Amino acid sequence: MLNTVYQLKAPRQFETVFKDIPLDDRHVLVRPTHLSICHADQRYYQGNRPEAVLRSKLPMALIHEGIGKVVYDPTGTYRIGEEVVMIPNHPVEKDDIIEENYLRSTKFCGSSKDGFMQEYVSLLPDRLVRLPEGIDKIVAAFTEIVSVSYHAISRFQKFSHSRRRTIGVWGDGNLGYITSLLLKKMLPDSKVCIFGVNANKLSDFSFADATCLVSEIPEDLLLDHAFECVGGNGSAIAINQIIDYIQPEGTISILGVSEDPAPINTRMVLEKGLHIFGSSRSGRADFEGLMELYKKNPDIPEYLENIVGTTFEVESIKDMTEAFETDIHKLIGKTVMIWKG
Ligand SMILES: NC(=O)C1=CN([C@@H]2O[C@H](COP(=O)(O)OP(=O)(O)OC[C@H]3O[C@@H](n4cnc5c(N)ncnc54)[C@H](OP(=O)(O)O)[C@@H]3O)[C@@H](O)[C@H]2O)C=CC1
Ligand SMILES: O=C(CO)[C@H](O)[C@H](O)COP(=O)(O)O
Ligand SMILES: [Zn+2]
């Protein structure tokens, strides 16, 4: 079957290409309905990755956050019309120890294979997860980034010591909002404090125990553990500030993506005996766990409505470009494309 794919050909330049989707008895066909833009997509769209990386990856369809409707399922796993979230990870091997999102062989939509900016997406049935009945579709569109926070917190629960009185989250953007919200739900006994650079943005974190500008952190602050959700050039500044304030033997979870290596105060990491771990992407278990968490805490998707930014009806390359260009200038919030492509 001929499929329309909207690839990024070069920075700021989408093009339409037609690719064959073989209709076999193993793959489910999904019509994407709502797609959400991630920072990773913007790094390709704006050409912010190194030249060699762009040359090796483009042309490629962007977007790894999205939901859609099942239109064809020869496996009989899903009903036609059923609403599903698409998992962008595509593992090609199983490992007893290493999770699917960390296997070097795994392909990831919008990074090492075409993303969801397509007319139809062909996926194995285990790359889809049913959406809870009645969930807001715009919020559901960015389930993937929420599953990343879920994944990082689940790992944090395994790696960190059990004194979790106060957890700091650095980053007053989307990932900071999502991670601190999930921390409040997954670790209800812990106090969560958000550290950011913009008082206006911090005022949106209504569920938090405290918020603080990074320029006004009290000297006597006591933090048992922390999450870094900043990324870019701010990552190193945030990680070093965390190292300054965290208690000995605390755990630091790094989530922000930086293009350049970040200089870290390793002397203090050693002296305080800190644990630092990174997390990237998420796997099927995280998507499923998150859907269960939504069912038990229906106020989570309600809170997430606060970080819905602009929504665009997208049916042409001009619309896609407008959505990406607008997303660049947002203060906070996820840009969602209502996909008619
Ligand atoms: N590990 C993973 O799998 C994933 C990683 N990411 C990455 O996470 C990072 C954040 O993403 P997202 O939340 O969407 O981006 P945002 O831009 O929405 O959030 C980052 C926030 O951090 C603020 N900030 C800047 N410097 C500091 C500082 N020193 N201390 C505290 N806050 C600071 C920024 O403010 P201002 O804008 O004013 O500078 C901004 O509000 C990105 O690098 C993204 O690629 C995203 C998804 C998944
Ligand atoms: O956003 C992410 C997951 O949601 C990751 O940061 C993203 O997958 C990294 O990909 P790339 O290596 O292509 O920048
Ligand atoms: Zn992402």
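What counts, and at which threshold
Residue indices begin from 1 for each chain and proceed along its sequence in written order. Each chain is given a letter, starting from A, and each ligand a number, starting from 1, according to the order in which they appear as written. Restriction of local features to residues with pLDDT of at least 70 applies here, the model being predicted, together with a cutoff of 80 or more for giving and counting side-chain atom pairs; totals for whole chains, interfaces and linings are based on all residues. Each side-chain value is worked out from all heavy atoms of the structure, with water and hydrogens disregarded. Here, proximity means that at least one heavy atom of the residue falls within 4 Å of the molecule or strand. Any pair of N or O atoms that falls within 3.5 Å is considered a polar contact. Within protein, one atom must be able to donate a hydrogen and the other to accept it, and sequence-neighbouring residues count only if both atoms are side-chain atoms. Every accessible area reported is derived by Shrake-Rupley at a probe size of 1.4 Å, with residue values counting cover from the shown protein chains alone. Numbering of helices and strands runs from the N terminus; a helix is a DSSP stretch of H or I covering at least four residues, while a strand is a stretch of E covering at least two. Note on residue categories: nonpolar means Ala, Val, Leu, Ile, Met, Phe, Trp, Tyr, Cys or Pro, charged means Asp, Glu, Lys or Arg, and polar means any other residue, Gly included. By the convention used here, residues are in contact when the closest approach between their heavy atoms is within 4.5 Å. Each domain's extent was defined by an automatic or database domain assignment. Buried surface area refers to the total accessible area, computed with a probe of radius 1.4 Å, that the two partners give up upon joining, counted for both partners together. One speaks of a salt bridge when a side-chain nitrogen belonging to Lys or Arg is within 4 Å of a carboxyl oxygen belonging to Asp or Glu. Helix axes are fitted to C-alpha atoms over the stretch in contact, other axes to C-alpha atoms as well, and angles between N-to-C directions run from 0 to 180 degrees. Just so you know how the angles are binned, under 35 degrees is roughly parallel, over 145 roughly antiparallel, 65 to 115 roughly perpendicular, and the rest oblique. The criterion is simple. A nonpolar core is a set of buried Ala, Val, Leu, Ile, Met, Phe, Trp, Tyr and Cys residues joined through side-chain atoms within 4.5 Å. Exposed residues in this analysis have more than 50% of their type's maximum accessible area, buried residues have under 20%, and partly exposed residues fall in between, with area computed by a 1.4 Å probe over protein chains only. Each crossing gets its hand from how the near helix is turned against the far one by less than a right angle, where anticlockwise is left-handed and clockwise is right-handed. UniProt positions are given in the numbering used here, feature names are shortened, and annotations may be inferred rather than shown by experiment. Expected span of a helix, by definition, is 1.5 Å for each gap between consecutive residues, and there is one gap fewer than residues. In this description, the arc belongs to the directions extending from the helix axis to the C-beta atoms.

## What about the site of ligand 2?
Then, in step 1: Around ligand 2, the surrounding shell consists of C38, A40, R43, Y44, R49, H64, F108, S111, E144, V148, V257 and R281.
Then, in step 2: One of the side-chain N or O atoms of Y44 is found 2.5 Å from an oxygen atom in ligand 2.
Then, in step 3: The side chain of R281 places a nitrogen or oxygen atom 2.7 Å from an oxygen atom of ligand 2.
Then, in step 4: If ligand 2 stood free it would expose 380 Å²; the protein chains cover 84% of that surface.

## Quick word on the site of ligand 1
Then, in step 1: Around ligand 1, the structure places 24 residues, and the nearest of them are R43, D172, L175, K201 and R281.
Then, in step 2: Here G173 contributes a backbone N or O atom positioned 3.4 Å from an oxygen atom of ligand 1.
Then, in step 3: A total of 920 Å² of accessible area belongs to ligand 1 in isolation, and the protein chains cover 81% of it.
Then, in step 4: Elements represented by at least two residues in the shell around ligand 1 include exactly helix 1 (39-45), helix 4 (143-159), helix 5 (174-186) and strand 12 (191-196).
Then, in step 5: Of the residues contributing to the shell around ligand 1, the split by class is eleven nonpolar, nine polar and four charged.

## Structural notes on the environment of L181
Then, in step 1: Tracing the backbone through its elements, the reader meets L181 in helix 5.
Then, in step 2: Along the chain, L181 and Y303 lie 122 residues apart, while their C-alpha atoms are 8.1 Å from each other.
Then, in step 3: Excluding its chain neighbours within four sequence positions, the residues that come into contact with L181 are F207, I300, Y303 and L304.

## So, the domain arrangement of the protein
Then, in step 1: Domain boundaries in the protein define domain 1 (2-143 + 307-339) and domain 2 (147-278).
Then, in step 2: With centres defined by C-alpha atoms, the gap from domain 1 to domain 2 works out at 28 Å.
Then, in step 3: Buried area between domain 1 and domain 2, both sides added, is near 1100 Å², and the carbon and sulfur share of it is 52%.
Then, in step 4: Between R43 and E259 there is a salt bridge whose closest N-O contact spans 3.9 Å.
Then, in step 5: Our count for the contact surface shared by domain 1 and domain 2 stands at seven residue pairs in polar contact (both at pLDDT 80 or more).
Then, in step 6: Residue composition of the side of domain 1 that touches domain 2, by class: five nonpolar, four polar and five charged.

## Side note on the packing of helix 4 against helix 9 (residues 284-296)
Then, in step 1: For the pair helix 4 and helix 9, the least separation of the axes is 9 Å and the interaxial angle reads 95°. Between helix 4 and helix 9, the interaxial angle falls into the category roughly perpendicular. Across the interface between the two elements, T143, E144, V146, S147, Y150 and H151 of helix 4 pack against A285, D286, F287, G289, L290, M291, L293 and Y294 of helix 9.
Then, in step 2: Looking at the contact of helix 4 with helix 9 residue by residue, the classes come out as eight nonpolar, four polar and two charged.

## Side note on the nonpolar core
The nonpolar side chains of soluble globular proteins are, as a tendency, buried together.
Then, in step 1: By size, the foremost hydrophobic cluster in this structure holds 48 residues, and its most contacted members are V146, L182, F227 and L304.
Then, in step 2: Among the secondary structure elements, those contributing two or more residues to this core are helix 3 (137-141), helix 4, strand 11 (166-170), helix 5, strand 12, helix 9, helix 10 (299-304) and strand 18 (334-339).
Then, in step 3: The residue makeup of this core includes at least three contributed by each of domain 1 (2-143 + 307-339) and domain 2 (147-278).
Then, in step 4: The residues touching F227, leaving out its near neighbours within four places in the chain, are A152, I153, F156, I167, G168, V169, W170, T179, L183, I242, S253 and L255.
Then, in step 5: Counting residues in each nonpolar core, the second largest holds 35 residues, with V28, Y44, C109 and L128 among its members.

## Describing the packing of helix 4 against helix 5
Then, in step 1: Axis separation between helix 4 and helix 5 bottoms out at 9 Å; the angle between their running directions is 50°. Comparing their axes, helix 5 and helix 4 come out oblique. Helix-helix and strand crossings are classified by hand; for helix 4 and helix 5 the assignment is right-handed. Judged by residue contacts, I145, V146, S149, Y150, I153, S154 and Q157 of helix 4 engage L175, I178, T179, L182, L183 and M186 from helix 5.
Then, in step 2: Class assignment of the residues belonging to the contact of helix 4 with helix 5 gives a composition of nine nonpolar, four polar and no charged.

## Side note on the UniProt feature "domain: Alcohol dehydrogenase-like C-terminal" (unreviewed entry) in the protein
Then, in step 1: Within this numbering scheme, the UniProt entry marks residues 220-295 as carrying the feature "domain: Alcohol dehydrogenase-like C-terminal" (unreviewed entry).
Then, in step 2: Helix makes up 41% of residues 220-295 and strand 16%. Its end C-alpha atoms lie 39 Å apart.

## A look at helix 11 (residues 317-328)
Then, in step 1: Given a rise of 1.5 Å per residue, twelve residues ought to cover 16 Å, and the 17 Å separating the end C-alpha atoms of helix 11 matches this to within 8%.
Then, in step 2: Along helix 11, the positions that sit buried rather than exposed are D319, M320, A323, F324 and D327. All buried residues of helix 11 fall inside an arc of 130° around its axis, so they share one side.
Then, in step 3: The secondary structure elements touched by the buried residues of helix 11 are strand 1 (2-10), strand 2 (13-20), helix 1, strand 17 (308-314) and strand 18.

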